[in-house]
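# Reading the structure
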Amino acid sequence: IAPVSNLLVVNGTIRAERLLYLPSVGTCLMAAEAAGILQAARRRWATALVALLLAALGAMSAQRNLVWLTQETITAATVLDAPRSAKAHYDLAEHRMMERDCGAAASGFRRALEIFPEFRPARLNLAACLEWMADGAAAEKIYREMLAQEPGDRMAAGRLVRMCNARSDWPCVAATLRGVLEANPDAARQGRLWLLLGDALRRSGREPEAE
């Protein structure tokens, strides 16, 4: 089990029962050997024990299948099993976001950030939910905080540009684009972003800079 235990190499998987299939082979072989020894000495006892184990494990498997019934049930169960996992809370919140339940999703993203403040996807999705709930000021604050920490963050910059563009705040659009173009070499190689910056400068009345 060591290779998939997250002790030697962190694989980021919280709930992956499929990773136990191969490690469980050893346990199954030992159980079979023990049943064989018992059967040689006490055949009826061995038969009864194996039947009992099959019934018990079958019932446990049937019950476990209910956890895997839907995306909602599995992510909710993961949060219950690993309440200190930022990824567990994020996965459940992301599912609720996809179901357009941004009220519940926002709480999940906030919990994930309490556990792991550097979890940028959770911060981005929290801001998206706040936008959806018409709390643009809070969403914009998050985008600006993210850009203050990482000026080259194209995702945060793109969303902030969209918000500024919606209210025709061209100086905001220009400043945001200039910041990401200066900090992100990949972004600086995209002519479309320079065109957007030029257009924002022109609309801001700064035509010489735009030219």
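Placed above this text is the structure.
First, a word on what this report is: a plain description of the structure on this page. What you are looking at is a predicted structure, and each value in this text was computed from that prediction instead of being measured.

A tally of regular secondary structure across the protein gives twelve helices and zero strands. The N-to-C order of helical and strand elements in the protein reads α-α-α-α-α-α-α-α-α-α-α-α. Rg of the C-alpha trace for the protein: 27 Å, well past the compact-globule value of 17 Å for 211 residues, more than 25% over. Expressed as lengths along the three principal axes of its C-alpha atoms, the size of the protein is roughly 95 × 35 × 25 Å. Split into buried and exposed, the 211 residues of the protein put 31% on the buried side. At a minimum sequence separation of 6, the contacts of the protein that also span at least 24 residues come to 40%.

Right, let's get into the packing of aromatic side chains. One pass over the structure, following the stated rule, counts three aromatic pairs. With a centroid separation of 5.6 Å and 50° between ring planes, the pair formed by Tyr-90 and Phe-109 is classed as tilted. Residue Tyr-90 is located in helix 4 (residues 86-98), and its partner Phe-109 is located in helix 5 (residues 102-115); the two are separated by 19 residues in the primary sequence. Centroid distance Phe-116 to Phe-119: 5.9 Å. Interplanar angle 45°. Geometry classified as tilted. Phe-116 gets classed as partly exposed once you look at its relative accessible area, which sits at 39%.

If you look at the biggest cluster of nonpolar residues, it comprises 40 residues, and the most contacted ones within it are Phe-109, Phe-119, Ala-122, Leu-126, Tyr-143 and Val-173. Contributions of two or more residues to this core are made by helix 4, helix 5, helix 6 (120-132), helix 7 (136-149), helix 8 (154-166), helix 9 (170-183) and helix 11 (191-203). Filtering out sequence-adjacent residues up to four positions away, Val-173 remains in contact with Val-161, Cys-164, Asn-165 and Ala-200.

An ideal rise of 1.5 Å per residue puts 18 Å on 13 residues; helix 4 measures up with 18 Å between its terminal C-alpha atoms. When helix 4 is considered as a whole, its buried residues turn out to be Ala-86, Ala-88, His-89, Tyr-90, Leu-92, Ala-93 and His-95. If you follow the buried residues of helix 4, they end up packed against helix 3 (71-81), helix 5 and helix 6.

Here we take up the state of the cysteines. Throughout the structure, instances matching the rule amount to two disulfides. Covalently, Cys-102 is tied to Cys-129 through a disulfide, its sulfur atoms 2.4 Å apart. Between Cys-102 and Cys-129, the disulfide has an S-S torsion of -75° and is therefore left-handed. On the criterion of sequence distance, the pair formed by Cys-102 in helix 5 and Cys-129 in helix 6 is long-range, its members being 27 residues apart. Both residues of the pair, Cys-102 and Cys-129, count as buried.

Residue Cys-102 is classed as buried on the basis of its relative accessible area, which comes to 5%. Note: C-alpha distance between Cys-102 and Ile-37 (65 residues apart in sequence) is 58 Å. Here Cys-102 is in contact with Met-97, Cys-129, Trp-132 and Met-133, once residues within four sequence places are set aside.

Each value, and the rule that gives it
- Residues numbered from 1 in each chain as written.
- Predicted model: local features only at pLDDT ≥ 70, side-chain atom pairs only at ≥ 80, totals over all residues.
- Heavy atoms only, no water.
- Helix = DSSP H or I, 4+ residues; strand = E, 2+ residues; numbered from the N terminus.
- Rg over C-alpha atoms; globule rule 2.2 N^0.38 Å.
- Buried < 20%, exposed > 50% of the residue type's maximum accessible area, 1.4 Å probe, protein only.
- Contact = heavy atoms within 4.5 Å.
- Phe/Tyr/Trp six-rings, centres within 6.5 Å; stacked < 30°, edge-to-face > 60°.
- Core = buried A, V, L, I, M, F, W, Y, C linked by side-chain atoms within 4.5 Å.
- Expected span 1.5 Å × (residues − 1).
- Disulfide = S-S within 2.5 Å.

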